[in-house]
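Coordinate inspection notes
One letter stands for each residue in the lines below.
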Amino acid sequence: MTTVHDFPEKSGSASNATAKVLSDRAEGEAYVASVCFKHGPPRLLGVELEFTVHYADEPARPLDPDDLATALGPHTPRTLRPDSPALPLPAGSPLSLEPGCQVEISAQPQTTLRHLDAVVSADLAHLENLLAAQGLYLGDSGIDRYRAPARKLGTPRYAAMERRFAPMGSGGATMMCSTAGLQVCVDTGEAGDLADRWAAVHALGPPLLATFANSRVHAGRDTGHASARWLAVMETERVRTRSAEPGKDPAGEWARRILDTPLMVLPGRDDRWDAPDSLTFADWIDGRGEAAGLDRPTEEDLAYHLTTFFTPVRPQGYLEIRYLDAQPAAKWRHPVALLAALLARRSTVDKVLELCEPVTGGWERAARYGLADPAIATVASKVVDLGCAELGTTGLPPETITEISEGVQSLVHGSRSHQS
């Protein structure tokens, strides 16, 4: 549910899809593999910052979308005001909204973390000033601490998602309307390094999810879970939220998964975008959508289907790392810098895979117990130590590196000391 980045020098992203009809499954798989995994030396880094929005004088008060639109002015996304110019923020970051009117800054990818820091800092400060002028402020955790889920945007996509997820429990509504994440976007790397890089960003998931988890309190209630946000994502619809199982052929494995997953929504069908029950994209290619009045799908249809996956890591020509809770605005750099450092060198990636092996696949443990889980805490402290030792590769000034290192180290080592 995030704005799709288009890393500029990498053509052929899903957003550039054509109306070419897909003739068979092999053609569909080839398309997915080609747009989701683009090879080349890692050069770009991006980030997407989501935040809940609250009234300064009464954080639990339901947010009035009109108040938000007034605050955002010409930056208001068209999902809220269709006639808005929807201008990017001053440093160039597009602004978008999630279904519950969580705001999202999608910074344009940069060649260094120092450049990314400058862009995000400028746009984040501008956004905070706009909101403050209307008595609003950005939340500081991965889930709405004060309010129950309530959809504020009336788009056909979000309405169809709400109807689809409702029979599955409360996870879907919570994910859509109450959660806020911090997504880090990194290049996939050279072809020969892809499998290990793909495996590493997944292996880092449980320890880093636990390290930065801060969404225990939701709607005024202590859930008892370190990251109620990530549990809500996992509980939405497992077929499109569960983690991949990284293997030797990430592109092929991902392509097969995409085609074997049922459609979630079908855009353009009047105001109801509900998809036929259990119709996979492969079924649609094979002509099984005819009973529902569907023509054969195109590359454009497949590109849209790709946007309906909410996995911990989502390949979009680059790797969108999605498992982190939103952080306080002043600390967004901490997880971004740590991830950039941990992926900067092949030798560090190899060490990551070795360190994280004991907790591979421990997503639910990390979300439920965070650093209270002894095994995850042990791995997290080792991963943080490794990442902090590599922060010099980020190009950040020494004083910023020191601030980030001290902040991140305090999360894991402070947690360990409290447990002993």
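All values derive from a computational prediction rather than experimental measurement. (Residues numbered from 1 in each chain as written. Predicted model: local features only at pLDDT ≥ 70, side-chain atom pairs only at ≥ 80, totals over all residues. Heavy atoms only, no water.)

A packed helix pair is summarised by two numbers, namely the angle formed by the two axes and the spacing between the axes. The contact between helix α1 (residues 25-36) and helix α12 (residues 299-306) brings their axes to 11 Å, and the two run at 55°. Here α1 is positioned oblique relative to α12, judged by the angle of their axes. Remark: the crossing between α1 and α12 carries right-handed chirality. Facing α1, whose interface residues are G28, Y31, V32, V35 and C36, α12 presents E299, L302, A303 and L306. (Axes fitted to C-alpha atoms, helices over the stretch in contact; angles between N-to-C directions. Helix = DSSP H or I, 4+ residues; strand = E, 2+ residues; numbered from the N terminus. Parallel < 35°, antiparallel > 145°, perpendicular 65-115°, else oblique. Left-handed = near helix turned anticlockwise from the far one by under 90°. Contact = heavy atoms within 4.5 Å.)

This next bit is on unusual backbone geometry. Located in the positive-phi region is A219, a residue other than glycine, with phi close to 55°. Here A219 lies in the loop between β7 (217-218) and β8 (221-222). Positive phi values are uncommon outside glycine, yet S278 reaches one of about 65°. Among the secondary structure elements, S278 is positioned in the loop between α10 (250-259) and α11 (281-285). The class of S278 is exposed, set by a relative accessible area of 60%. (Buried < 20%, exposed > 50% of the residue type's maximum accessible area, 1.4 Å probe, protein only.)

As a further point, take the packing of aromatic side chains. Ring pairs (aromatic) are described by centroid distance and by the angle formed between their planes. Across all of its chains, the model carries seven aromatic pairs by this definition. Here the aromatic rings of F37 and W198 are separated by 5.3 Å at their centres, their planes lie at 75°, and the arrangement is edge-to-face. Here the residue F37 occupies a position in the loop between α1 and β1 (45-51), and W198 occupies one in helix α6 (residues 194-203), the gap between them amounting to 161 residues. Comparing F37 with W198, the two get one shared label, buried. Between F281 and W284, the aromatic rings sit 5.2 Å apart at their centres with planes inclined by 65°, giving edge-to-face as the arrangement. Placement of both F281 and W284 in helix α11 is noted, with a separation of three residues, approximately one turn of the helix. Accessibility assignment for this pair places F281 and W284 in one class, buried. Ring pairing ties together the aromatic residues F37, W198, W254 and F309, which thus form one cluster. R61 extends its terminal NZ or CZ atom over the ring of Y55, reaching a point 3.9 Å from the ring centre. (Phe/Tyr/Trp six-rings, centres within 6.5 Å; stacked < 30°, edge-to-face > 60°. Lys NZ or Arg CZ within 6 Å of the ring centre and 35° of its normal.)

A few words now on the sheet that holds strand β3 (residues 95-97). Where strands meet in a sheet, backbone hydrogen bonds hold them as pairs that are either parallel or antiparallel. Across the sheet, six strands lie side by side as β3-β4-β1-β6-β10-β9; this open sheet has antiparallel pairing. Where the open sheet ends on each side, the last strands, each with one partner, are β3 and β9 (313-315). Each adjacent strand pair in this sheet contributes to an overall mean axis angle of 20°, direction not counted. Where β9 and strand β10 (residues 318-325) come together, three bridges link them in antiparallel fashion. (Pairing = 2+ DSSP bridges.)

Attention now moves to the environment of W363. If you trace the backbone, W363 turns up in helix α15 (residues 363-369). For the pair W363 and A210, spaced 153 residues apart in sequence, the C-alpha to C-alpha distance is 9.0 Å. Here W363 is in contact with H202, G205, P206, L209, W230, M234, S243, P312 and Y323, once residues within four sequence places are set aside.

Put simply, the protein has an average pLDDT of 94, and 94% of its residues get 70 or more. Of the regions scoring below 50 in pLDDT, residues 1-15 engages in 55 contacts with residues more than four places distant in sequence or in other chains. Low pLDDT, under 50, characterises residues 416-420; the stretch is placed with six contacts to residues that sit more than four places away or in other chains. (pLDDT = per-residue confidence, 0-100.)

Following the criterion strictly, the structure yields 24 salt bridges and no others. Among the salt bridges present, the one from D260 reaches R25, with a minimum N-O distance of 2.8 Å. Residue D260 is found in the loop between α10 and α11, and its partner R25 is found in helix α1; the two are separated by 235 residues along the sequence. The partly exposed category is assigned to D260, whose relative accessible area is 43%. Judged by relative accessible area, which is 27%, R25 ranks as partly exposed. With a shortest N-O distance of 3.6 Å, D274 and R272 are connected by a salt bridge. Taking the relative accessible area as the measure of exposure, D274 reaches 24% and is therefore partly exposed. (Salt bridge = Lys/Arg side-chain N within 4 Å of Asp/Glu carboxyl O.)

In terms of burial, strand β6 (residues 181-187) is a largely internal element, seven of the seven residues being buried. Neither face of β6 is left uncovered, since the one carrying G181, Q183, C185 and D187 and the one carrying L182, V184 and V186 both have all their residues buried. Across five bridges, the pairing between β1 and β6 is antiparallel. Bridged to G46 within β6 is C185. Here β6 runs beside β10; their pairing, made up of six bridges, is antiparallel.

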